[in-house]
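# Analysis of the macromolecular model
Okay, here's what each chain looks like letter by letter:
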Amino acid sequence: MTSANERRLGDRIARELYRDPDYLDDPVLADYVQGIWQPLLAAARQRGDLSAELDERFAWQILLGRDRTVNAFALPGGYLGLNLGLLAVVSSRDELASVLGHELSHVTQRHISRLIAKDSQQTPWVIGAMILGALAASKNPDAGNALIVGGQALSAQNQLNFSRDMEREADRVGFGVMTQAGFEARGFVTMFDKLQQAARLNDSGAYPYLRSHPLTTERIADMQSRLPLGSVHSPQVMTPTTLHAMMAARAQVLSNPGVDALRSWQTLVNDPGLPGQPAAQQAGALYGAALAAIRLRDSAVARGDWQRLQALVGTDPGAAQAVRWLGAEIDLAARDLSLPQTRALATSLGLDQTTADLRRPELILQAQAAMQINQVDTLNTVVQNLQRWLAARPKDALAWQWLASLYAAQNQSLRALRAEAEAQAARLDYAGALDRLKAAQEHVLASGASSTSASHIDASIVDTRLRQITALLKEQTLDH
Ligand SMILES: [Zn+2]
């Protein structure tokens, strides 16, 4: 299978995953994961594992899923799925890097295209459907069994299973990539320990990652032998950093939204034993409790937890920023700030700066704050920040969505429709994008909007995008 065909197959699968209600673009978690993923990609390039051709051709995107099951999986075309369930159980960024490095290496070593080539009677369309079926099955073990009985998903499960040699290669290359990227080698081994412990427990289906990556004693011995001489392998889990503990707690809250689960966080932080725990663990509990309280719409409790968290974390440079973002989330969700207070919050999010290197969670929080302030100058500033961001990253669907909302607040209907179209296109939904662009064209006709030169430019952008996306949709339909 050529890399171009594999990418097309990956796009088809990704388009379905973007539509899945479990798909989640949480800017804070996505930012944390990117901080691990980008160094891994850079290391794979440096080592020559990632060729220039694949680098250019494939998507190299991570799709987060709200699912609670512990799973990460490589998909065709350089897409990777990562469940919040896995984020919630890893104890350090090094452990997460070991899983991502392994999955990345399945892609760079072309294991997927080799698997698909083996089953050459199937059309890519059928293979795509089978992979989606297997993913659905891995989410819900009960529904999964029903599907497997149905027949086709059974072979789909085999589709996703790499051979032992492939697993060994992904371990070897992944280990090289993660250590070259500066992560602790021990993370690879502690991750194995963690999976092995889970394997000893009754397999409740909560660890699909284990089923697709069976642990053999050989694999484990192999990994331990890679550790530098003299480093003692201790079976204890790695100590999480404060930031990691908070991000794992965030993943846990977002993947477990039931009221009882959310309430249990408060019980945890009210436990008199908590202050005796390691600081990172306390921070994780307080972060989770504050976030859970937002979900329960209890801003007083959220603020109380947040203040304890802030006092605990203090000026820890890695963690302070995440605590600040959480504070902004609490304030914006409470919607009880006065206008000057909201403005002060917006300023603290960097809204008055015209700097180009905003972090993504900050940009999205700015957009939320601007919607609440709803005043001309604030809207203008954030619209400019979003435009600058999107000029460099035109595939950021969430940023397009916020830009559409801000344009609507500015009564710029034509631009809002175009931004909505771009959000759909970024998630590979070209039919949805065309629908928005046609609505934009009708708007131009109905309002005579092209009479001024500025809106004439907007109208011609809409025409151009309509032609381009029509062509993309045609290509997408031909693939079937
Ligand atoms: Zn694997």
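Refer to the structure printed above.
In what follows, the accompanying structure is described.

## What about the overall build of the protein chain?
Secondary structure assignment for the protein chain yields 25 helices and three strands. Residues counted as buried form 50% of the 480 residues belonging to the protein chain. For the protein chain, restricting intrachain contacts to residue pairs at least 6 apart in sequence, the fraction spanning at least 24 positions comes to 70%. Here the protein chain displays about 21700 Å² of accessible surface, and carbon together with sulfur accounts for 52% of that area.

## Brief notes about empty space enclosed by the protein
Summed over all chains, the structure comprises two cavities of 30 Å³ or more. Size it by volume and the largest cavity reaches roughly 120 Å³. Taken together, Ser98, Val99, His102, Asp171, Phe188, Met191, Phe192, Leu195, Tyr209, His213, Leu215 and Arg219 make up the lining of the largest cavity. Those elements that place two or more of their residues in the lining of the largest cavity are α5 (93-108) and α11 (186-200). Counting residues per element, the lining of the largest cavity draws most heavily on α11, at four residues. When grouped by side-chain class, the residues that make up the lining of the largest cavity number seven nonpolar, three polar and two charged.

## Examining the pattern of salt bridges
Summed over the entire model, instances satisfying the criterion amount to 26 salt bridges. Taking the shortest distance from any N to any O, the salt bridge between arginine 19 and glutamate 16 comes out at 3.8 Å. Here the residue arginine 19 and the residue glutamate 16 both occupy positions in helix α1 (residues 3-19), the gap between them amounting to three residues, near one helical turn. Since its relative accessible area comes to 30%, glutamate 16 is described here as partly exposed. Note that arginine 47 is salt-bridged to aspartate 49, the shortest N-O span being 2.6 Å. For arginine 47, a relative accessible area of 34% puts it in the partly exposed group. When its relative accessible area of 16% is taken as the criterion, aspartate 49 is described as buried. The network of salt bridges with common partners includes Asp25, Arg360 and Asp396.

## Section: the side chain of serine 91
Within the secondary structure, serine 91 sits in the loop between α4 (84-89) and α5. Here serine 91 falls in the buried class, since its relative accessible area comes to 12%. A distance of 2.4 Å separates a polar atom in the side chain of serine 91 from a polar atom in the side chain of lysine 194.

## Quick look at helix α22 (residues 397-409)
Between its terminal C-alpha atoms α22 stretches 19 Å, which fits the 18 Å expected from 13 residues at 1.5 Å a residue. Among the residues of α22, those classed as buried are Ala397, Leu398, Ala399, Trp400, Trp402, Leu403, Ala404, Leu406 and Tyr407. On the buried face of α22, the contacting elements are α2 (27-47), α20 (360-373), α21 (376-392) and α23 (413-426).

## Topic: the pairing of strand β3 (residues 79-83)
The side chains of a regular strand alternate, residue by residue, between the two faces of the sheet. Extensive coverage of β3 is indicated by the burial of five of its five residues. Side chains of β3 alternate between two faces, with Tyr79, Gly81 and Asn83 and Leu80 and Leu82 buried alike. Two strands pair when backbone bridges link them, and strand β1 (residues 61-65) and β3 are joined in this way by five bridges, in the parallel orientation. Its bridge partner lying in β3, isoleucine 62 is registered against leucine 80. Judged from the three bridges that link them, strand β2 (residues 72-74) and β3 form a sheet pairing that is antiparallel. By the bridge assignment, alanine 72 is partnered in β3 with leucine 82. Counting the residues that bridge the hairpin from β2 to β3 gives four residues, and of these glycine 77 lies at a positive phi of roughly 80°.

What counts and how
- Residues numbered from 1 in each chain as written.
- Predicted model: local features only at pLDDT ≥ 70, side-chain atom pairs only at ≥ 80, totals over all residues.
- Heavy atoms only, no water.
- Helix = DSSP H or I, 4+ residues; strand = E, 2+ residues; numbered from the N terminus.
- Buried < 20%, exposed > 50% of the residue type's maximum accessible area, 1.4 Å probe, protein only.
- Contact = heavy atoms within 4.5 Å.
- Areas by Shrake-Rupley, 256 points an atom, 1.4 Å probe, with all protein chains shown as cover.
- 1 Å grid on protein atoms, 1.4 Å probe; cavity = no way out; pocket = protein on both sides within 12 Å on 5 of 7 lines; lining within 4 Å.
- Points joined across faces, edges and corners; volume = space filled by probe spheres on them.
- Nonpolar A, V, L, I, M, F, W, Y, C, P; charged D, E, K, R; others polar.
- Salt bridge = Lys/Arg side-chain N within 4 Å of Asp/Glu carboxyl O.
- Polar contact = N/O pair within 3.5 Å; in protein donor to acceptor, adjacent residues only side chain to side chain.
- Expected span 1.5 Å × (residues − 1).
- Pairing = 2+ DSSP bridges.

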